[in-house]
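Descriptive structure summary
Next come the chains, spelled out residue by residue.
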Amino acid sequence: MASDKDVESQKKLLDYHEEKHFTAGEIVRDIIIGVSDGLTVPFALAAGLSGANAPSSIILTAGLAEVAAGAISMGLGGYLAAKSEADHYARELKREEEEIIEVPDTEAAEVAEILSQYGLEPHEYEPVVNALRKKPQAWLEFMMKFELGLEKPDPKRALESALTIAISYIIGGLFPLLPYMFIPIAWKATMASVGLTLFALLFFGYVKAYFTGNKPFQSAFQTAFIGAIASAAAFGMAKVVQT
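Residues numbered from 1 in each chain as written. Predicted model: local features only at pLDDT ≥ 70, side-chain atom pairs only at ≥ 80, totals over all residues. Heavy atoms only, no water.

With numbering aligned to this structure, UniProt lists the feature "transmembrane region" (unreviewed entry) at residues 58–82, 162–183, 189–207 and 219–238. The distance from the first to the last C-alpha atom of residues 58–82 is 36 Å, and the span holds 100% helix and 0% strand. (UniProt positions renumbered as here; feature names shortened; annotations may be inferred. Helix = DSSP H or I, 4+ residues; strand = E, 2+ residues; numbered from the N terminus.)

Now the structure itself:
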């Protein structure tokens, strides 16, 4: 059994050793979803309308309408996804709580099985099992995390996800449309939009890889390539329909 001196020593070690882990994964994921779609979809729409010889004013109007609709749709999707995750956690929490009350021996056996998977022997994990049985809340949290693999969701997560995705979509979607705000000749605006959007896609792909741990330059070119393919397909389809 650890003494007070040992506990104090452990606390000092933890205070001294500050681990630098990236913990904003969900926010970054929402930004990636919003910006990547925001850059690609309005870009492809503008290219398609340009292929149909629409004037800059029409392309800009349609593009802004798409950005508004896309931001609402993507934000709502993010909200519903996060809300579903929270509802799923609540249902599983209630079920696990009932099982701890109704069949505690079975749940204790499950704790023992989980700990044995980490290489612990019965004489090593039995004290842990007995300690958890005396602390129902800790036992419940243990089962949620290690049996079901579920983390307690932030109650603000659904709204934050919706806003993050929607704002990211708007920011991404404005890049392809900026040239049409200032260049009245559609084909010139399209060329400027292609250059600006490809640059934004390259930059976004590089930054995305920085946060996700992938190869930055490879990610940058992959992201730009996907955007270029989408816009080229929309442009080509508009030309085919027009003829």
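Moving on from the coordinates now.
With that settled, consider the side chain of Glu-96. For Glu-96, the position within the fold is in helix 3 (residues 56–102). We note that Glu-96 is buried and unpaired, the nearest opposite charge coming from Arg-95 at a distance of 7.3 Å. Those residues in contact with Glu-96, other than ones at most four positions away along the chain, are Glu-107, Glu-110, Leu-140, Met-143, Met-144, Glu-147 and Leu-148. (Buried < 20%, exposed > 50% of the residue type's maximum accessible area, 1.4 Å probe, protein only. Lys, Arg positive; Asp, Glu negative; His and termini not counted. Salt bridge = Lys/Arg side-chain N within 4 Å of Asp/Glu carboxyl O. Contact = heavy atoms within 4.5 Å.)

Given a rise of 1.5 Å per residue, 12 residues ought to cover 16 Å, and the 15 Å separating the end C-alpha atoms of helix 6 (residues 136–147) matches this to within 8%. Where helix 6 is buried, its residues meet helix 3, helix 4 (104–116) and helix 5 (122–133). Downstream of helix 6 by a residue or two, Gly-149 has a phi angle that is positive, lying close to 70°. (Expected span 1.5 Å × (residues − 1).)

Turning our attention to helix 7 (residues 157–182). When the terminal C-alpha atoms of helix 7 are compared, their 38 Å separation across 26 residues agrees well with the 38 Å that a helix rising 1.5 Å per residue should span. Of all the bends in helix 7, the greatest measures close to 45° and is centred on Pro-176. (Bend = angle between axes of the 7 residues up to and from the residue.)

Now for the environment of Glu-99. Position of Glu-99 among the secondary structure elements: in helix 3. Remark: the alpha-carbon pair of Glu-99 and Leu-140, spanning 41 residues in sequence, is separated by 9.7 Å.

Now for the layout of surface pockets. The rolling of a water-molecule-sized probe over the atoms marks out the regions of remaining empty space. What the largest pocket holds in volume is close to 300 Å³. Around the largest pocket sit 16 residues that line it, and Ile-31, Val-35, Phe-203, Phe-204 and Val-207 are the ones nearest its centre. Of all the secondary structure elements, the ones that give two or more residues to the lining of the largest pocket are helix 2 (25–51), helix 7 and helix 8 (186–212). Of all the elements, helix 8 adds the most residues to the lining of the largest pocket, at seven residues. (1 Å grid on protein atoms, 1.4 Å probe; cavity = no way out; pocket = protein on both sides within 12 Å on 5 of 7 lines; lining within 4 Å. Points joined across faces, edges and corners; volume = space filled by probe spheres on them.)

Val-111, Leu-115, Val-129, Trp-139, Phe-142 and Met-143 are the most contacted members of the largest nonpolar core, which totals 16 residues. Apart from the residues within four sequence positions on either side, Val-129 is in contact with Ala-108, Val-111, Ala-112 and Leu-115. Core analysis: the next-biggest nonpolar cluster, separate from the first, contains nine residues, Leu-60, Leu-177, Ala-186 and Ala-189 among them. (Core = buried A, V, L, I, M, F, W, Y, C linked by side-chain atoms within 4.5 Å.)

Moving on: the pattern of salt bridges. Pairs can form between side chains of opposite charge once their charged atoms are near each other. If you walk through the whole model with that rule in mind, you get six salt bridges. Where Lys-83 meets Asp-87, a salt bridge forms, and the shortest distance between an N and an O atom there is 3.2 Å. In this pair, Lys-83 and Asp-87 both sit in helix 3, four residues apart, roughly one turn of the helix. The partner of Arg-95 in a salt bridge is Glu-92, and the shortest N-O contact between them spans 2.5 Å. Taken as a pair, Arg-95 and Glu-92 lie in helix 3 at a separation of three residues, close to a single helical turn.

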